[in-house]
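Listed below are the residues making up each chain.
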Amino acid sequence: MSDVPIEQLVAAAGAGDQDAWRELVRRYARSVWAVTRTMRLSPQDAEDVSQASWLLLAVNLTTLKEPAAVGGWLATTARRESIRLLHRRGRDLPADPLAPVADTADPAAEQGEDAVLRAEQQRLVRAAFAELSEHCRALLSLLMRDPAASYTEVSATLGIPRGSIGPTRGRCLAQLRKVIER
């Protein structure tokens, strides 16, 4: 089944085909697990979140808008379930994109040059982000939240038309790229 297109796997799994379900799990289990671990969950919590993510997929399998994007759907679901778990446990997640925080799940896993390069990249992106206009920083901050604010929420919060959010986001990201590339 490894050569079956993902849309067909999703449809077959949604129709009750256990082999198709097993193939989905084989293809995406590592990805779901990786998301839970990047959220700094314990192995037990990561397993709980992973199971919850797969359960939610089973419940929503037949109603996915884009079956080909099931991998992204699973990753987003695992991230959101991880955040829910962390909030239930009373752990705070960093929300300020300018705050100097570690973005890796296990700092000991990154060694030497890789850790230095990653830290430098993060510093450059934060510095570039700080140079953006207040409007761009506010817009991108809302869209970077996890889960991201909906366009309706962004529109209400920033007082801008919904239809201008995507193009404005594109311009802000282009500005960010220019600042980083300087």
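Keep in mind that this is a model prediction, so the values were computed, not measured.

What counts as what
- Residues numbered from 1 in each chain as written.
- Predicted model: local features only at pLDDT ≥ 70, side-chain atom pairs only at ≥ 80, totals over all residues.
- Heavy atoms only, no water.
- Disulfide = S-S within 2.5 Å.
- Helix = DSSP H or I, 4+ residues; strand = E, 2+ residues; numbered from the N terminus.
- Buried < 20%, exposed > 50% of the residue type's maximum accessible area, 1.4 Å probe, protein only.
- Polar contact = N/O pair within 3.5 Å; in protein donor to acceptor, adjacent residues only side chain to side chain.
- Contact = heavy atoms within 4.5 Å.
- Salt bridge = Lys/Arg side-chain N within 4 Å of Asp/Glu carboxyl O.
- Phe/Tyr/Trp six-rings, centres within 6.5 Å; stacked < 30°, edge-to-face > 60°.
- Axes fitted to C-alpha atoms, helices over the stretch in contact; angles between N-to-C directions.
- Parallel < 35°, antiparallel > 145°, perpendicular 65-115°, else oblique.
- Left-handed = near helix turned anticlockwise from the far one by under 90°.
- Nonpolar A, V, L, I, M, F, W, Y, C, P; charged D, E, K, R; others polar.

Caption draft 1: Quick peek at the state of the cysteines. What the rule picks out here adds up to 1 disulfide. Note on cysteine connectivity: Cys136 is disulfide-linked to Cys172, with sulfurs 2.1 Å apart. On the sign convention where negative is left-handed, the bridge of Cys136 and Cys172, at about -75° about the S-S bond, is left-handed. Of this pair, Cys136 sits in helix α6 (residues 134–144) while Cys172 sits in helix α8 (residues 165–181), placing them 36 residues apart in sequence. A residue is classified by how much of its surface remains accessible, and Cys172, at 1% relative accessible area, is buried.

Caption draft 2: Inspection of the side chain of Thr36 at higher detail. Relative to the elements of secondary structure, Thr36 occurs in helix α2 (residues 18–38). Under the relative-accessibility criterion, Thr36 is labelled buried at 0%. Polar side-chain contacts of Thr36 include one of 2.6 Å to the backbone oxygen of Trp33. Filtering out sequence-adjacent residues up to four positions away, Thr36 remains in contact with Leu41, Ala46, Val49, Ser50, Ala78 and Ser82.

Caption draft 3: Examining the pattern of salt bridges more closely. One pass over the structure, following the stated rule, counts 5 salt bridges. For Arg84, the salt bridge is made with Glu81, and the minimal N-O distance between the two is 2.4 Å. Residue Arg84 and its partner Glu81 are both found in helix α4 (residues 70–88); the two are separated by 3 residues, about one turn of the helix. The class for Arg84 is partly exposed, based on a relative accessible area of 44%. The exposure class of Glu81 is buried, given its relative accessible area of 15%. Residue Arg137 pairs with Glu134 through a salt bridge whose shortest N-O separation is 2.5 Å. Placement of both Arg137 and Glu134 in helix α6 is noted, with a separation of 3 residues, approximately one turn of the helix.

Caption draft 4: Highlighting the packing of aromatic side chains. Applying the stated criterion across every chain yields a total of 1 aromatic pair. Ring centres 5.7 Å apart and planes at 80° place the aromatic pair Trp21 and Trp54 in the edge-to-face group. Taken together, the residues Trp21 in helix α2 and Trp54 in helix α3 (residues 43–60) connect sequence positions 33 residues apart. Overall, Trp21 belongs to the partly exposed group, its relative accessible area being 21%.

Caption draft 5: Inspection of the packing of α6 against α8 at higher detail. Running from N to C, α6 and α8 cross one another at 110°; their axes reach a closest spacing of 10 Å. Classified by the interaxial angle, the pair formed by α6 and α8 is roughly perpendicular. Viewed along their axes, α6 and α8 form a crossing whose handedness is left-handed. On α8, the residues that touch His135, Cys136, Leu139, Leu140 and Leu143 of α6 are Ile165, Thr168, Arg169, Cys172, Leu173 and Gln175. Of the residues that constitute the contact of α6 with α8, the class distribution is 7 nonpolar, 3 polar and 1 charged.

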